[in-house]
Amino acid sequence: MAQAAAKEFTFKWEGTDRKGKRMSGQTLAANEGVVKVQLRKQGINPLRVRKQSSLLSPRKKKIETGDIAIFSRQMATMMAAGVPLVQALEIVGKGHENPSMGDLILSIKGSIEGGASFAESLAKHPLYFDDLFVNLVDAGEKSGALETLLDKIATYKEKTEAIKKKVKKALTYPIAVMIVAVVVTGILLYFVVPQFESLFQGFGADLPAFTQFVVGLSEWLQAYWWIVLLSIGAAGFSFVQMKQRSAAFRRWIDRISLKLPVVGDILYKSAVARYHRTLSTMFAAGVPLVEAMDSVAGAAGNIIFYENILSIRDQIASGTQLQLAMSQTGLFPPMAVQMVAIGEESGALDSMCAKVAEFYEDEVDNMVDSLSSLLEPLIMSILGVLVGGLIVAMYLPIFKMGSVI
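Source: prediction; values computed, not measured. What you see as residue numbers is a count from 1 along each chain, following the sequence as written. Residues qualify for local features only when their pLDDT is at least 70, as the model is predicted, and side-chain atom pairs are given and counted only at 80 or more; totals for whole chains, interfaces and linings, by contrast, use all residues. Neither water nor hydrogens contribute to the side-chain values; these are computed over all heavy atoms in the structure.

Visitor: What's the story with helix α8 (residues 146-200) in this structure? I'm lost.
Guide: We count a stretch as a helix when DSSP gives it H or I for four or more residues in a row; a strand needs E for two or more, and each element gets its number in order from the N terminus. Expected helix span is given by 1.5 Å per residue-to-residue step, counting one fewer step than there are residues. In a regular helix each residue adds 1.5 Å, so 55 residues correspond to 81 Å; α8 covers 77 Å between its end C-alpha atoms and thus fits that length. Residue Val193 marks the point of greatest curvature in α8, where the axis turns by about 40 degrees; the proline Pro194 follows within four residues. To obtain the bend at a residue, axes are fitted to the seven residues ending there and to the seven starting there, and the angle between these axes is taken.

As structure tokens, then:
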């Protein structure tokens, strides 16, 4: 059933209801015959059914993590309202703005109709639904509290997406501005400086050292611009490949990133927040602590945290308390360890972890806002030095000639 659902096409149909009133619409199905059967079951007499051209179909977009978060909240809302699971999936799938996500949801619906559980249907799509998502849904189905667990999943996804966006904002803004600065500088060196160079050739005097340097840099860029582009492309490609293929390189990158000024602190606190948010969600769902640590490690987003969380899992399996195992890694702040210790002693580990997560999420939020306000004048200064330096270099000979006259 899952395979058939994955090959569904969009059909546009026209028909009449029991009172003879004309109706029209569109539906997803494997073929025209299935559409007619579905329409007759709804009391509609199909008059015309045609497959929609792929050229007219909505353009499919990549499924983002934000789509999964929205799907989680929609399902939690529908289940809380008492809508049956299969019907809720059909409503959400057909009404989704992203056609790719709609097809995925309808594929899950088809799998459930074929006899699989909700968790088993989700597990068939590991690219979009991780072990944490599947385990929580499985726990909800077995305990009869699926709507409650879906709400917890939705809250978890929304919180983690929010903190990811904050971290992305902290990293993207300065990188984007610096790229623009490099591009503008390259354009000035390649197109503008040569115009001044032809003017300087008629001066009959030596150019200032700074101007000579800029002119030489311009001439080099004009001669070897292709080497610059190839080097940038090769460096970017090599970085991506090494990060995908080398665990040692990823470990080095993640370790260095945590030590960067300001940005490293943001990455560290966001990882701490994700750890406690995931642990809180898993523990509240009744997942055993040792089993939960696998999902917690996978959600860490940093290989240093991942390896230490697996170490914590092994220590817990051998009988060590969670707070003691956390403190022995030396990775977690004392406040977080103490809150976990209080949670273990009081039997409220999930709520204590949630409080720690909220605290560090707020910390990341405030740090990103502060970083943005600090970076703006710094970036403007860098742009001013780059562009202004080139302008000064080009006008120095003119100023020098004016002083001689």
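Visitor: In this structure, what is going on with a nonpolar patch on the surface? I would like to understand it.
Guide: On the surface, Phe210, Phe213, Leu217, Trp220, Tyr224, Trp225, Trp226, Ile227, Leu229, Leu230 and Val392 cluster together into a nonpolar patch covering about 1,100 Å² of accessible area. At ten residues, helix α9 (residues 209-245) tops the list of elements feeding residues into the nonpolar patch. A residue counts toward a patch only above 30% relative accessible area and without a salt bridge, and it is joined to like-charged neighbours within 9 Å or, for Val, Leu, Ile, Met, Phe, Trp and Tyr, to nonpolar neighbours within 5 Å. Per-residue accessibility takes into account occlusion by the displayed protein chains alone, with areas from the Shrake-Rupley method and a 1.4 Å probe. Take a side-chain nitrogen of Lys or Arg and a carboxyl oxygen of Asp or Glu: if they are within 4 Å of each other, that pair is a salt bridge.

Visitor: In this structure, what is going on with the nonpolar core? I would like to understand it.
Guide: As a rule of thumb, soluble globular proteins bury nonpolar side chains together. Take the buried residues of types Ala, Val, Leu, Ile, Met, Phe, Trp, Tyr and Cys, join any two whose side-chain atoms come within 4.5 Å, and each joined set is a nonpolar core. A 1.4 Å probe rolled over the protein chains alone gives each residue an accessible area, and that area as a share of the maximum for its type sets the label: buried under 20%, exposed over 50%, partly exposed in between. Counting 44 residues, the largest nonpolar core has Tyr275, Phe305, Ile312 and Leu322 as its most contacted members. Those elements that place two or more of their residues in this core are α8, α11 (263-284), α12 (289-298), α13 (303-317), α14 (322-329), α15 (334-346) and α16 (349-404). For this core, the leading source of residues is α16, giving ten residues. In what follows, residue pairs with any heavy atoms lying within 4.5 Å of each other are defined as contacts. Beyond its immediate sequence surroundings of up to four residues, Leu322 is in contact with Tyr275, Leu279, Leu289, Ile312, Ile316, Val340, Glu344 and Leu349. Formed by 37 residues, the second largest nonpolar core is a distinct cluster that contains Leu85, Val92, Ile108 and Leu146.

Visitor: Sorry, what's going on with the pattern of salt bridges here?
Guide: Working definition: two side chains of opposite charge can pair if their charged atoms are close together. Tallied over the full model, the rule gives 14 salt bridges. When the shortest N-O distance is used, the salt bridge between Glu307 and Arg251 registers 2.7 Å. Remark: Arg251 occurs in helix α10 (residues 247-259) and Glu307 occurs in helix α13; sequence separation between them is 56 residues. Across the pair Lys269 and Glu363 runs a salt bridge, and its minimum N-O distance is 2.8 Å. Here Lys269 is found in helix α11, whereas its partner Glu363 is found in helix α16, with 94 residues between them in sequence. Connected via shared salt-bridge partners are Arg73, Asp151 and Glu158.

Visitor: Which parts of the structure should I look at to understand unusual backbone geometry?
Guide: The phi torsion of most residues other than glycine is negative, and most of the peptide bonds are trans. At Val262, a residue that is not glycine, the phi angle is positive and equals roughly 65 degrees. As for its placement among the helices and strands, Val262 is situated in the loop between α10 and α11. Residue classification places Val262 among the partly exposed positions, given a relative accessible area of 42%.

Visitor: Would you explain the environment of Met367 in this entry?
Guide: Mapped onto the elements of the fold, Met367 is located in helix α16. Judged by its relative accessible area of 17%, Met367 falls in the buried class. C-alpha of Met367 to C-alpha of Ile379: the two residues are twelve residues apart in sequence and 18 Å apart in space. Ignoring anything within four residues of it in the chain, the contact list for Met367 reads Val262, Asp265, Ile266 and Lys269.

Visitor: What is the right way to read the confidence of the model for the chain from this model?
Guide: Close reading of the predicted structure is inappropriate where its pLDDT is low. Overall, the predicted model of the chain reaches an average pLDDT of 83, with 93% of residues at or above 70. A residue's pLDDT is the confidence the predictor assigns to it, expressed on a 0 to 100 scale. Within the model, pLDDT remains below 50 along residues 1-6, and this stretch shows eight contacts once partners closer than five positions in the same chain are excluded.

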